[in-house]
Amino acid sequence: MLEVEKINTYYDSSHVLQSVSLSVQSGQSVALLGRNGAGKTTTLRSIMGLTPPRTGSITFEGKQIRGLAPYDIARSGISYMPDDLRIFVDLTCEENLELAHRVCKRSGYWTRQKVEELFPVLADRRNQKGLSFSGGEKKMLSLGRALMMNPSLVLLDEPSEGLAPLVIRKLIETIGEIRKRGLTLLLADQNLKFCRQVCEYGYILEKGTVVHEGTMEAIWSDEDVVKRYLAV
Ligand SMILES: Nc1ncnc2c1ncn2[C@@H]1O[C@H](COP(=O)(O)OP(=O)(O)OP(=O)(O)O)[C@@H](O)[C@H]1O
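Analysis parameters
- Residues numbered from 1 in each chain as written.
- Predicted model: local features only at pLDDT ≥ 70, side-chain atom pairs only at ≥ 80, totals over all residues.
- UniProt positions renumbered as here; feature names shortened; annotations may be inferred.
- Near = placed C-beta within 6 Å.
- Helix = DSSP H or I, 4+ residues; strand = E, 2+ residues; numbered from the N terminus.
- Nonpolar A, V, L, I, M, F, W, Y, C, P; charged D, E, K, R; others polar.
- Axes fitted to C-alpha atoms, helices over the stretch in contact; angles between N-to-C directions.
- Parallel < 35°, antiparallel > 145°, perpendicular 65-115°, else oblique.
- Left-handed = near helix turned anticlockwise from the far one by under 90°.
- Contact = placed C-beta atoms within 7 Å.
- Pairing = 2+ DSSP bridges.

Under an unreviewed UniProt entry, the name given to the protein is Amino acid/amide ABC transporter ATP-binding protein 2, HAAT family, and the source organism is Desulfomonile tiedjei. The annotation that UniProt attaches to the protein under Sequence similarities (unreviewed entry) is "Belongs to the ABC transporter superfamily."

Below, the structure is given as structure tokens:
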């Protein structure tokens, strides 16, 4: 479904991603792992066209998307939950969700009603502005916005970061529900235990390079790999 081949991404003259390749199959859930500054966010931003790679290829459902504007990439069926969530704090919960749908113009299973069924708290807070939301609620709203675009692939940046263990458990269940609707996921997260519960396959980044890949079970049980690339 998604093939990233040898992409090189820069911030000005700083060469951050160095020949990164990865692939995500339809229906799969794939993790991008690695320590702070390894290049996880930059990989997601590169796919989304927000920090376009200078070279390499990104194909999605057989079409080249490298070089397209982010909104065209979104309309092709990829949505993105950034680590800073990017919800509109001056808008109500309902307005945030409807705006995402209107911008993307893709219809499908996910309507505001379906998103509110998945996250009942968003129904409770339908008319409240985002500023008053807790961190966990903002995350749910941001994920809800991503779903309202009716994507086939969702990129999630640090979904578990900053959440209490109980909320993470709920998030794991929610991701399971989302996957039952046929969605494919690529997520960047430093929480190996969380990734093991929601992903089948993982890529480990270090200094902008893929240094290891394998099933999440294999990564989880490889003490050397965990110590070398993931332990803090
Ligand atoms: N806007 C920017 N301008 C310049 N350099 C940047 C910018 N954003 C990130 N970098 C650098 O690019 C490298 C990769 O950062 P990136 O945010 O992709 O890593 P990450 O794995 O997502 O880490 P984190 O978990 O801390 O977000 C780091 O060295 C970082 O300092």
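Engineer: Give me the lowdown on the site of the ligand, citing residues and values where you can.
Structural biologist: In the vicinity of the ligand, the residues found are Y11, S14, V16, G34, N36, G37, A38, G39, K40, T41 and T42. The set of elements that each furnish at least two residues to the shell around the ligand consists of strand 2 (14–24) and helix 1 (40–48). Of all the elements, helix 1 adds the most residues to the shell around the ligand, at three residues. Among the residues making up the shell around the ligand, the classes are represented as three nonpolar, seven polar and one charged.

Engineer: An account of the packing of helix 3 (residues 93–104) against helix 6 (residues 135–148) is requested, with residue identities and associated values reported.
Structural biologist: Two elements in contact, helix 3 and helix 6, have axes whose closest approach is 7 Å; the angle formed by their N-to-C orientations is 30°. With respect to each other, helix 3 and helix 6 are oriented roughly parallel. Taken as a pair, helix 3 and helix 6 cross one another with a handedness that is right-handed. Side by side, helix 3 and helix 6 meet where C93, N96, L97, A100 and H101 of the first sit next to L141, G144, R145 and M148 of the second.

Engineer: Account for the pairing of strand 1 (residues 2–11), with residues named and values stated.
Structural biologist: With seven bridges joining them, strand 1 and strand 2 adopt antiparallel strand pairing. Counterpart to Y10 in the pairing with strand 2 is H15. Remark: two residues form the turn of the hairpin made by strand 1 and strand 2, two consecutive strands paired antiparallel; D12 in that turn has positive phi of roughly 50°.

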